[in-house]
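A closer look at the structure
Here is what each chain is made of, one letter per residue.
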Amino acid sequence: MPKLTYLGHSAFLIEGSKARLIIDPFLSGNPKAPKKPEEIKVDYVLLSHAHGDHLGDAIAIAKANKATVVAPFELAGYCESKGTLTHPLHIGGGFNFPFGRIKLTIAHHGSVTPDGVYGGSPCGFLVTMDGKTLYHSGDTALFYDMKLIGEMNAIDVALLPIGDNFTMGIPDAAKAAELLNARLTVPMHYDTFDLIKADPNEFVKQASAKGRKAQVVPVGGTLEY
Ligand code: NI
Ligand code: MN
């Protein structure tokens, strides 16, 4: 079973039998992050979009680990220009890596690097490894195609933003959990900044009311799925 560790905000470490992945590693800029970038040992770095709270320490981590950045084409090109290995993908496309499959989904959001470079379309990720499927939505609004994603993929764990303001808030995230029909849903992208304060237990309550199991993973906490 893959092991997921919540590193705060939208950052997750995923350890499978064949590879270690990190998604949206915003660590040094997040006082609440439980690990420093130098402590991260990974084979792949997945980036949902170019905003600073997602790009974070990706380039430093990828270079230090000789890890491959997996991101939408434009953002992958940016990372490559900064000296990382990359594997570009684009929305709707997937690739069978040696450890499993990564497919990019749509996300309704923006994408520009902190230094002003256009990052292409933001995305979400379907990551399948060791027979389990994880969905990380990236930063996004609620969209009805989540129903299609849920119909076409048996999702074991879905990671959804609940912080409102820049992404879905709690009622929309609970609806997203309903549409995706994942075995388990975990909230993310809340409480990092004042603008995105949210009560994750309220999300669990609203998802449960729609018949969906949700669980809060505390920052630094782990979960096998
Ligand atoms: Ni963003
Ligand atoms: Mn964000």
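These remarks concern the structure in this document.

**Some words on the nonpolar core**
In terms of nonpolar packing, the biggest core is built from 52 residues, with L21, L46, F99, I102, L134, Y135 and F203 touching the most fellow members. Among the elements that line this core, the one with the most residues is helix α5 (residues 170-180), at seven residues. Ignoring anything within four residues of it in the chain, the contact list for L46 reads L21, I22, I23, D24, P25, V70, I102, F125 and V127. Counting residues in each nonpolar core, the second largest holds 23 residues, with A33, A50, I61 and A71 among its members.

**Topic: the coordination of the nickel ion (ligand 1)**
Bound to the nickel ion (ligand 1) on the protein side are H49 (NE2), H51 (ND1), H109 (NE2) and D139 (OD), at distances that span 2.2 to 2.3 Å. Mapped onto the sequence, the donors of the nickel ion (ligand 1) take the spacing H-x1-H-x57-H-x29-D. If you look at the nickel ion (ligand 1) and the manganese ion (ligand 2), they sit 3.2 Å from each other and are both ligated by D139. Here the residue H49 occupies a position in the loop between β4 (44-46) and α1 (52-55), and D139 occupies one in the loop between β10 (132-136) and α4 (146-152), the gap between them amounting to 90 residues.

**Some details on the sheet that holds strand β3 (residues 20-23)**
Strand order across the open sheet formed by seven strands is β6-β5-β4-β3-β2-β1-β13, with mixed pairing between neighbours. Two strands bound the open sheet, and with one partner strand each, they are β6 (85-89) and β13 (222-224). For this sheet, the mean angle separating the axes of adjacent strands, direction not counted, is 20°. Pairing geometry for β3 and β4, over three bridges, is parallel. Directly across from I23, in β4, lies its bridge partner L46. Strand contacts of helix α3 (residues 73-81): β5 (68-72) and β6, with the helix running at about 145° to β5, the strand carrying the most contacts.

What counts as what
Residues numbered from 1 in each chain as written. Chains lettered and ligands numbered in written order. Predicted model: local features only at pLDDT ≥ 70, side-chain atom pairs only at ≥ 80, totals over all residues. Heavy atoms only, no water. Core = buried A, V, L, I, M, F, W, Y, C linked by side-chain atoms within 4.5 Å. Buried < 20%, exposed > 50% of the residue type's maximum accessible area, 1.4 Å probe, protein only. Helix = DSSP H or I, 4+ residues; strand = E, 2+ residues; numbered from the N terminus. Contact = heavy atoms within 4.5 Å. Donors = N, O, S within 2.8 Å, 3.2 Å for Na, K, Ca; no water. Pairing = 2+ DSSP bridges. Axes fitted to C-alpha atoms, helices over the stretch in contact; angles between N-to-C directions.

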